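Read off the chains here:
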Number of protein chains: 4
Amino acid sequence: MTYPNPLRFNPAYSVVKQYFVHLDDSVPQKIVVHKDSPRGVHFRRAGPRQKVYFNSDEVHACIVTCGGLCPGLNTVIREIVCGLYHMYGVNKILGIDGGYRGFYSKNTIPLTPKVVNDIHKRGGTIIGTSRGGHDTSKIVDSIQDRGINQVYIIGGDGTQKGAAVIYEEVRRRGLKVAVAGIPKTIDNDIPVIDKSFGFDTAVEEAQRAINAAHVEAESTENGVGVVKLMGRYSGFIAMYATLASRDVDLCLIPESPFYLEGEGGLFEFVEKRLKESGHMVIVIAEGAGQELLAESLQSADQKDASGNKLLRDVGLWISHKIKEHFAKNHKMDITLKYIDPTYMIRAIPSNASDNVYCTLLAQSAVHGAMAGYTGFTSGLVNGRQTYIPFNRITEKQNMVVITDRMWARLLSSTNQPSFLGPKDLAEAKKQEEHPTGLLDGENCKEDHQPGHVGTMFNSSALLGCLNCMQ
Amino acid sequence: MTYPNPLRFNPAYSVVKQYFVHLDDSVPQKIVVHKDSPRGVHFRRAGPRQKVYFNSDEVHACIVTCGGLCPGLNTVIREIVCGLYHMYGVNKILGIDGGYRGFYSKNTIPLTPKVVNDIHKRGGTIIGTSRGGHDTSKIVDSIQDRGINQVYIIGGDGTQKGAAVIYEEVRRRGLKVAVAGIPKTIDNDIPVIDKSFGFDTAVEEAQRAINAAHVEAESTENGVGVVKLMGRYSGFIAMYATLASRDVDLCLIPESPFYLEGEGGLFEFVEKRLKESGHMVIVIAEGAGQELLAESLQSADQKDASGNKLLRDVGLWISHKIKEHFAKNHKMDITLKYIDPTYMIRAIPSNASDNVYCTLLAQSAVHGAMAGYTGFTSGLVNGRQTYIPFNRITEKQNMVVITDRMWARLLSSTNQPSFLGPKDLAEAKKQEEHPTGLLDGENCKEDHQPGHVGTMFNSSALLGCLNCMQ
Amino acid sequence: MTYPNPLRFNPAYSVVKQYFVHLDDSVPQKIVVHKDSPRGVHFRRAGPRQKVYFNSDEVHACIVTCGGLCPGLNTVIREIVCGLYHMYGVNKILGIDGGYRGFYSKNTIPLTPKVVNDIHKRGGTIIGTSRGGHDTSKIVDSIQDRGINQVYIIGGDGTQKGAAVIYEEVRRRGLKVAVAGIPKTIDNDIPVIDKSFGFDTAVEEAQRAINAAHVEAESTENGVGVVKLMGRYSGFIAMYATLASRDVDLCLIPESPFYLEGEGGLFEFVEKRLKESGHMVIVIAEGAGQELLAESLQSADQKDASGNKLLRDVGLWISHKIKEHFAKNHKMDITLKYIDPTYMIRAIPSNASDNVYCTLLAQSAVHGAMAGYTGFTSGLVNGRQTYIPFNRITEKQNMVVITDRMWARLLSSTNQPSFLGPKDLAEAKKQEEHPTGLLDGENCKEDHQPGHVGTMFNSSALLGCLNCMQ
Amino acid sequence: MTYPNPLRFNPAYSVVKQYFVHLDDSVPQKIVVHKDSPRGVHFRRAGPRQKVYFNSDEVHACIVTCGGLCPGLNTVIREIVCGLYHMYGVNKILGIDGGYRGFYSKNTIPLTPKVVNDIHKRGGTIIGTSRGGHDTSKIVDSIQDRGINQVYIIGGDGTQKGAAVIYEEVRRRGLKVAVAGIPKTIDNDIPVIDKSFGFDTAVEEAQRAINAAHVEAESTENGVGVVKLMGRYSGFIAMYATLASRDVDLCLIPESPFYLEGEGGLFEFVEKRLKESGHMVIVIAEGAGQELLAESLQSADQKDASGNKLLRDVGLWISHKIKEHFAKNHKMDITLKYIDPTYMIRAIPSNASDNVYCTLLAQSAVHGAMAGYTGFTSGLVNGRQTYIPFNRITEKQNMVVITDRMWARLLSSTNQPSFLGPKDLAEAKKQEEHPTGLLDGENCKEDHQPGHVGTMFNSSALLGCLNCMQ
């Protein structure tokens, strides 16, 4: 790679000059339709616009990464930098060091194509990250004082809520600053989008732990391998890792309640499976069985710096419970091995598929900000890059729908009990009908004044609520 | 994993009994829409149907794999077997040994959940494969003689054409045999579907070769690393591997013509890049530059057993050409290393993401056949599992649209010349407008008689052309 | 691979018929010599003998694996089976299921070349393992009752002690049964031998955990990554993994005492390193700092089934101590991530280097037993395969000599304090002089009667104490 | 890692101050002994000496890498730099760019611990390499002009011969310049030493290609997988990769002649194996069967820049021959897949085991040069680091002894024919007796004057021919 004069636009784009995205191009959120389905919510298609809001040499961009590690962070950083530089000739780009608090308490890191050239081959984030530290007023002060006019914020649910607040404050102060988010969640718990970056890599890497648990379990009599995977509120990693592996006998996720004792309970199933096969593998998402754990511990909720519940280690807890049960009842000598691969999964570089995905997300965000959109995240919806208003992805969480076919596939693959009573099913069914809280044909409830959430700066000419496209 | 009585249905599905797929559920092929877009082609959504056509104990299924290896073949085989067994209680399943010709010239392999339990961790196909060998009449004789009533055919373009012919012959003879295809193409060159299984794994594995080429090139003065990747008619693997890697300076694919000599030619670019960076990496799809190669060789087309053009090794050819050019002109001493990782890519087991994808494809095919559909392939369309009539995926090939944004992203990433003149652009533009040959609002040209392509057996009750859904 | 008639000897060996190992061939234990060094202990060189004690069709062999998992177990099993079969035409080989107790409480598993053909590609042990369960009299009863005359015992320190007792009992009863050990210890804590099988693989796999800890630490302010590695009494894995990685700032092993508080203590070093670099990685062997931990916990020793001290988890303990220290003193906000990759390391298949090594160990054991040696283990000494009497490898443990140059290299690489006072050094120095408890020129203290430890059955003709070779 | 004041010696070594290597410590080359074996050749043990010849601040070191890539080059570079800096406080270290010719035709690259900190995680060599370019007089001029007094030369056979010539010229000119070699040969064809760095990594990586060949072969009828591995004159990689894999049916190496046609020939064996198993895998070293190939091609020898014979691609040749044979005789339809993983193997980073090994080699070289030794390479002999005079490793090549037990193990593992007649055996036997051309008790033929090969500068005090130690 060589780096041409940044002020000379990359000739590549001249090839497709006449193929810019139409302003009206949109992607429906719901695409499984009946003959007479009404049209539902649509999102604006992402991509380069013919009219660019910013002059390249006036752009002063910054990038910040918040929250826990996730494979692909460095690729997103790299591609924002390279996208701004190669596609738009922008060369004033800062990395904010160490998450939100870096805006006001630390020095920034100049980012150039050369600096970021190889970072996609490394895990972690070269600009550092932290939880919490969100002080809206200090952050916007810093943005204003440094003359920053494009802010790229990479982070999860809490971080994107913070981004929405920054966006509101920026608008209140009347600053011409584009605020763009790139949703990051290794748990895949952000709604609307097809999947989050790093998820594929995490599921792939989780196979190692499951394989190891399987080998350990198989090599002893009544061997039980327990693997804890990420997933505070949603069990996607556990579910996909289980489906991909085929060596798992029981997958426990936050969305599917279970109980330990008695008929149809977990202990009974473990005993049954051990008698049938001589060994078993259990995958448990970190947020599964929290009520049981809470009962056990009678402990009050605690919050960590980002506001997530500080979950006690459910993997250690369930391992202890199982060992205790079988020891107490002298029914069986079991050998249980517990594996927690969390940090080994979070810290690896993204795989090829996530690398390409991160590239698209980063470039979409760059195209959006350059075109003058603000208050949005870039996201893949039904296989297409789109712009999604902040509120759409922060108001709910994406969760495994346990009455849906993917979970049924898992049940069929593991042959595990569903642990569900009729009440659970009714509740789960309700959830399925509106998986992301969006109704068919739902009307946009936004206020379509210029400068509103998801609009463009010079909205008189270019218009548009990103949400309903009116 | 233990295997329960096959005749007792898996209880997992009772959970979702009331959530079977609606018969009218469909997925549009084109989802980027304008406000007033007409409705275009839709495909039937895949999934379990409330009414099942076959009795489990009457089912006699067979599976055949044809053509070259592709990561995920064994996973598809495993999941058809396990899907039939665990979801529908079917336990008469045969593997046809060694591709189409195995129907009439070899013994079959009994497939049970136990036999296939671990095969997804291995590359290749446990039932063997071959090219060609398609003798319709002998194959349908064998199906009839053995009393087979579900045929699962895994293979590429040519194989699916063969499946369509088998389907026609089955229908002509009035047999109650469901013929289901699962499209296999490591090149991702099958139209309509989002991507083919094994593609992700192939792109991932290609990174190794590109990394090696990069290291070799970087370690010598004027080092050139050349990597040949799969892609006879479409350059998807080369394009995605290049995008994922970021170490590639030039990516050559069949869809984008190029020339060697003169201004703006390949040699000029190589020389320029070597002068700038001291080294470079070239990725070339096996089908790139065929006209140039043909000119060079003045050779007539040759066909291999499956009917593909026997392509001369373009990687060796381009390596030779580049070395010859720089030797002849004494301009530069270059060191060129050529890597052909083809068989190392084809033969690896599928990664986690492809494992899950293969599961969905296999289960969709099983649900379709059990419900009485025939003459279809299962495929992912806009992120949803659907049933696609054979003709839709065999009439065209999926190709990289070089005026589209993904190719523009690549050009921007490599900073390579587009090698395109105005005529090339005009032609490419035409292609983009109808990338898979399907027009918006295109009318179904099928004949809607019962028993027609893509209909169900007992169509009086359940009806329906899979294509236009009338 | 195909399997010829077992009674027809493999023609391969006829090639080297005239190159059998000389009976007197020996390998010195100590090879760094001065001009006038006396000759020290030598071990008999392993390899095929011209005179074979057993008739192939009379051999009834069994294999047992005991203790924790270690990469390579399956390769050793495979190569004993294939070695007996292909080299000597032996085809009565049993796997004892689940460790020592399998001799009397479980069924055996028939082992053939076909059964073991692919097992070296899998982690774990296909014949199962367990701790403890050693009941000498029941085991020898079972050997006698089943007519077994070759016993291959794969296991660690405790297991080899058990093997020695079995050997004594076999001899007491006057049975013609060869008892051969293959030392297994992922910790590399068995003396005399160059290294144990699986060690290389373990060090390689440990790199993943260290990399992850490094990425986690680097990505936050004052990030501390802690990795616990195997090593109850000896820190070889921790030391080699640290040397191989170069990302480690502090390596703690059982052999090198350390202290937490005060000047020159661990807390001070952590603080200093964080101030210098902003992050750090600590590798700790599971047996390090046991006295400190014991003080902390004031807990009595507990024993597990194999007799090892039940060590409390030192990784959790040190992580807790460091967090507590920095929280208490408000000096620094640190972020500490703890990774325990133990089971993921133990359960992987052996790498190529260990595969070859396991082959040599297994074949050496087979040659020894066939030649009529008994009461020995096979082991690599100074790069040569040898036979070592049981007592030599069970009387002491191999430990890192902290005054030796390998540990000095580590100190130089991590730049960590040595934590050593003059008393520690004096003690350590003593240890170095006789690292495995064997003095130069030490005389053999064995009784050289026929049938003694390490002799051959028909010792009148072939003679020889394996130890001193008199 | 932080970098302390280079002039302050690393405190680590103070710990072992009193444990420096004795000047008389030596390691015998031949350690398998009989009771009355004479003492043979011994090499000086490597390690830090109490008396250091150079003052740290006077040292001006340079490093050069020559020849083809090999895993571990960057680790060796890193450890020479870090060893000089951390252990001896040396901070003037240059990288010579692009091999020998870089001394006089290119700029140098300043090397500091910071520059080399992460390079061991990358394949290749950061200072570039090339073949040939050895102009003794220009090189020594450059050494003299730049004031360099320590030269570290990393390369193979040809390179070490070049180093010997540089050493002679340096001595002729009376320069106080230490010339130290580190032998590099991925083929493991350098004599005396136990194995070369990168070899383990290469054997490991070769498994991928063999696995792929096996999968391809297994998946078709009469499938033949052919893998070409490195090994111009010696077949170690092919032999070890075959032993580690167990999926290989035929391994062909330069040391073991074979023939194609007729009884007992290769074609017959291929046919037999295909009939038995339906598929087979052939591993061929690049230098195997050169005479047959030469006959085929009737081509004269050609030389490449380093003087190696330019070998025609034996893998393509044998693949062609086998296909031609079976096509011509219509005996069998075979499907042959040829894989050449050479550059993918050479270019990967070294594994953990090689990383540690490279560290020892580099540190040994540094200790030797600092102590005033010159004209030597560092090398592992019988598991101990030693100093070996140049001539000992350049006068012969290490080759697989086909009458030795390792090759017998391979024959036993693959069950392949030995292709050997009585004449071949006699010749091979001769070779075995003196595998590296060194006789037991051989007298040193060197001239023991001060300044001679393998002596120290101030030899009056410190004495010693590295060879015979007189």
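Residues numbered from 1 in each chain as written. Chains lettered and ligands numbered in written order. Predicted model: local features only at pLDDT ≥ 70, side-chain atom pairs only at ≥ 80, totals over all residues. Heavy atoms only, no water.

Account for the side chain of C:Asn74, naming residues and giving values.
Residue and element names in this part refer to chain C. Mapped onto the elements of the fold, Asn74 is located in helix α2 (residues 73-88). Take Asn74: its relative accessible area is 2%, and that puts it in the buried class. Here Ile126 takes part through its backbone nitrogen, which lies 2.8 Å from a polar atom of the side chain of Asn74. Apart from the residues within four sequence positions on either side, Asn74 is in contact with Ile119, His120, Arg122, Gly123, Gly124, Thr125 and Ile126. (Helix = DSSP H or I, 4+ residues; strand = E, 2+ residues; numbered from the N terminus. Buried < 20%, exposed > 50% of the residue type's maximum accessible area, 1.4 Å probe, protein only. Polar contact = N/O pair within 3.5 Å; in protein donor to acceptor, adjacent residues only side chain to side chain. Contact = heavy atoms within 4.5 Å.)

Pulling in residues and values, what's your account of the sheet that holds strand β11 (residues 335-339) of chain B?
Residue and element names in this part refer to chain B. Reading across the sheet, the four strands line up as β9-β10-β8-β11 and stay open at both edges, with parallel pairing between neighbours. Edge positions in the sheet fall to β9 (250-252) and β11, since each of these pairs with one other strand and no more. Adjacent strand axes in the sheet meet at a mean angle of 15°, parallel and antiparallel pairs treated alike. (Pairing = 2+ DSSP bridges. Axes fitted to C-alpha atoms, helices over the stretch in contact; angles between N-to-C directions.)

Explain the UniProt feature "binding site: substrate" (unreviewed entry) in chain A to me, and be specific about the residues and the numbers.
Residue and element names in this part refer to chain A. UniProt records the feature "binding site: substrate" (unreviewed entry) for Thr185, Ile186, Asp187, Met230, Gly231, Arg232, Glu286, Tyr343, Met344, Ile345 and Arg346 in the present numbering. Contact partners of Met230, with chain neighbours within four places excluded, come to Ile186, Asp187, Ile237, Ala285, Glu286, Thr342, Ile345 and Arg346. Topologically, Gly231 is positioned in the loop between β8 (223-229) and α8 (236-245). With relative accessibility at 0%, the residue Gly231 sits in the buried group. With residues near it in sequence (within four places) discarded, Gly231 still touches Asp187, Pro254, Ala285, Glu286 and Gly287. (UniProt positions renumbered as here; feature names shortened; annotations may be inferred.)

An account of the UniProt feature "binding site: ATP" (unreviewed entry) in chain A is needed here, citing residue identities and associated values.
Residues and elements named next belong to chain A. In the numbering used here, UniProt assigns the "binding site: ATP" (unreviewed entry) feature to Gly68, Arg131, Gly132, Gly156, Asp157, Gly158 and Thr159. Annotated residues spanning 92 residues; largest pairwise C-alpha distance 11.9 Å, indicating a single compact cluster. Here Gly68 is to be found in the loop between β3 (61-65) and α2 (73-88). With sequence-adjacent residues up to four places away left out, Gly68 is seen in contact with Leu73, Arg131, Lys184 and Arg346. Beyond its immediate chain neighbours, meaning those up to four positions away, Gly156 contacts Lys184 and Ile190.

Describe helix α15 (residues 405-414) of chain A, listing the residues and the values that go with them.
Residues and elements named next belong to chain A. With 10 of 10 residues buried, α15 lies mostly within the body of the structure. Looking at α15, one finds that the buried residues are Arg405, Met406, Trp407, Ala408, Arg409, Leu410, Leu411, Ser412, Ser413 and Thr414. Looking at the residues trailing α15, positive phi occurs at Asn415, about 65°.

Before we move on, can you summarise the sheet that holds strand β8 (residues 223-229) of chain D with the specific residues and values?
Residue and element names in this part refer to chain D. With respect to topology, four strands assemble into an open sheet ordered β9-β10-β8-β11, the strand pairing being parallel. Every interior strand has two partners, whereas the edge strands, β9 (250-252) and β11 (335-339), have only one. Going across the sheet, the axis of each strand differs from the next one's by a mean of 15°, ignoring polarity. When β9 meets strand β10 (residues 279-285), the two strands line up parallel, connected through three bridges. Across the sheet, residue Cys251 finds its bridge partner in β10, namely Val283. Along the sheet face, helix α10 (residues 314-329) touches β8, β9, β10 and β11 and points at about 175° away from the line of β11.

I'd love a proper account of the pairing of β8(D), names of residues and values included.
Residue and element names in this part refer to chain D. Most of β8 is tucked away: seven of the seven residues are buried. Along β8, one buried face is formed by Gly223, Gly225, Val227 and Leu229 and the opposite face, lined by Val224, Val226 and Lys228, is buried too. The pairing of β8 with β11 spans five bridges and is classified as parallel. Residue Val226 lies in a different strand from β11, and its bridge partner there is Tyr338.

Just give me the short version of the packing of aromatic side chains, but keep the residues and values in it.
Each aromatic ring pair is specified by the distance between its two centres and by the angle formed by the two planes. Throughout the structure, instances matching the rule amount to 32 aromatic pairs over all chains. On the basis of an interplanar angle of 65° and a centroid distance of 6.5 Å, the ring pair of C:Tyr167 and C:Phe390 is categorised as edge-to-face. One end of the pair, C:Tyr167, is in helix α5 (residues 157-172); the other, C:Phe390, is in helix α13 (residues 390-394), with 223 residues separating them in the sequence. The class of C:Tyr167 is buried, set by a relative accessible area of 2%. Between D:Phe376 and D:Tyr387, the ring centres sit 4.8 Å apart and the planes meet at 65°, which makes this aromatic pair edge-to-face. (Phe/Tyr/Trp six-rings, centres within 6.5 Å; stacked < 30°, edge-to-face > 60°.)

Which residues make up the pattern of salt bridges, and what are the values?
This structure, assessed with the given rule, holds 88 salt bridges over all chains. With a shortest N-O distance of 3.0 Å, B:Glu79 and A:Arg246 are connected by a salt bridge. Of this pair, B:Glu79 sits in helix α2 (residues 73-88) while A:Arg246 sits in the loop between α8 and β9 (250-252), on two different chains. Residue D:Asp200 is joined to D:Lys195 by a salt bridge in which the shortest nitrogen-to-oxygen separation is 3.3 Å. Using a relative accessible area of 23% as the deciding quantity, one classes D:Lys195 as partly exposed. The network of salt bridges with shared partners includes A:Asp141, A:Glu169, A:Arg172 and A:Arg173. (Salt bridge = Lys/Arg side-chain N within 4 Å of Asp/Glu carboxyl O.)

Talk me through the packing of helix α6 (residues 199-218) of chain B against helix α7 (residues 236-245) of chain B; I want residue IDs and the actual numbers.
All names here are of chain B. Running from amino to carboxyl end, α6 crosses α7 at an angle of 60°, the nearest separation of the two axes being 9 Å. When the axis of α6 is compared with that of α7, the two are oblique. The interaxial crossing formed by α6 with α7 has right-handed handedness. Here α6 contributes Phe199, Ala202, Val203, Ala206, Gln207 and Ile210 to the contact with α7, which in turn contributes Phe236, Ile237, Tyr240, Ala241, Ala244 and Ser245. Residue classes in the contact of α6 with α7 are distributed as 10 nonpolar, two polar and no charged. (Parallel < 35°, antiparallel > 145°, perpendicular 65-115°, else oblique. Left-handed = near helix turned anticlockwise from the far one by under 90°. Nonpolar A, V, L, I, M, F, W, Y, C, P; charged D, E, K, R; others polar.)

Mind laying out the confidence of the model for chain A, listing which residues take part and the relevant values?
Residues and elements named next belong to chain A. The pLDDT averaged across chain A works out to 83; a share of 78% of its residues lies at or above 70. Per-residue pLDDT stays below 50 along residues 299-310; that stretch engages in 21 contacts with residues further than four places along the chain or on separate chains. Across residues 433-470, where pLDDT falls below 50, the model places 91 contacts with residues more than four positions away in sequence or in other chains. If you check the scores for this complex, the pTM reads 0.88 and the ipTM reads 0.85. (pLDDT = per-residue confidence, 0-100.)

Can you explain the pairing of strand β4 (residues 93-96) of chain D? Please cite residues and give values.
Residues and elements named next belong to chain D. Neither face of β4 is open: one carries Ile93 and Gly95, the other Leu94 and Ile96, and all of them are buried. Examined bridge by bridge, strand β3 (residues 61-65) and β4 share three bridges and lie parallel to one another. When the bridges of β4 are listed, Cys62 appears paired with Leu94. Between the parallel elements β3 and β4, the chain passes through helix α2 (residues 73-88) in a crossover that is right-handed. Two strands pair when backbone bridges link them, and β4 and strand β5 (residues 108-110) are joined in this way by three bridges, in the antiparallel orientation. In the sheet register, Ile96 faces β5, and the bridge partner there is Thr108. (Right-handed = clockwise from strand over helix to strand, strands pointing away.)

Mind laying out unusual backbone geometry, listing which residues take part and the relevant values?
Despite not being glycine, B:Val192 has its phi angle at roughly 75°, a positive value. Inspection of the secondary structure assignment puts B:Val192 in the loop between β7 (178-183) and α6.

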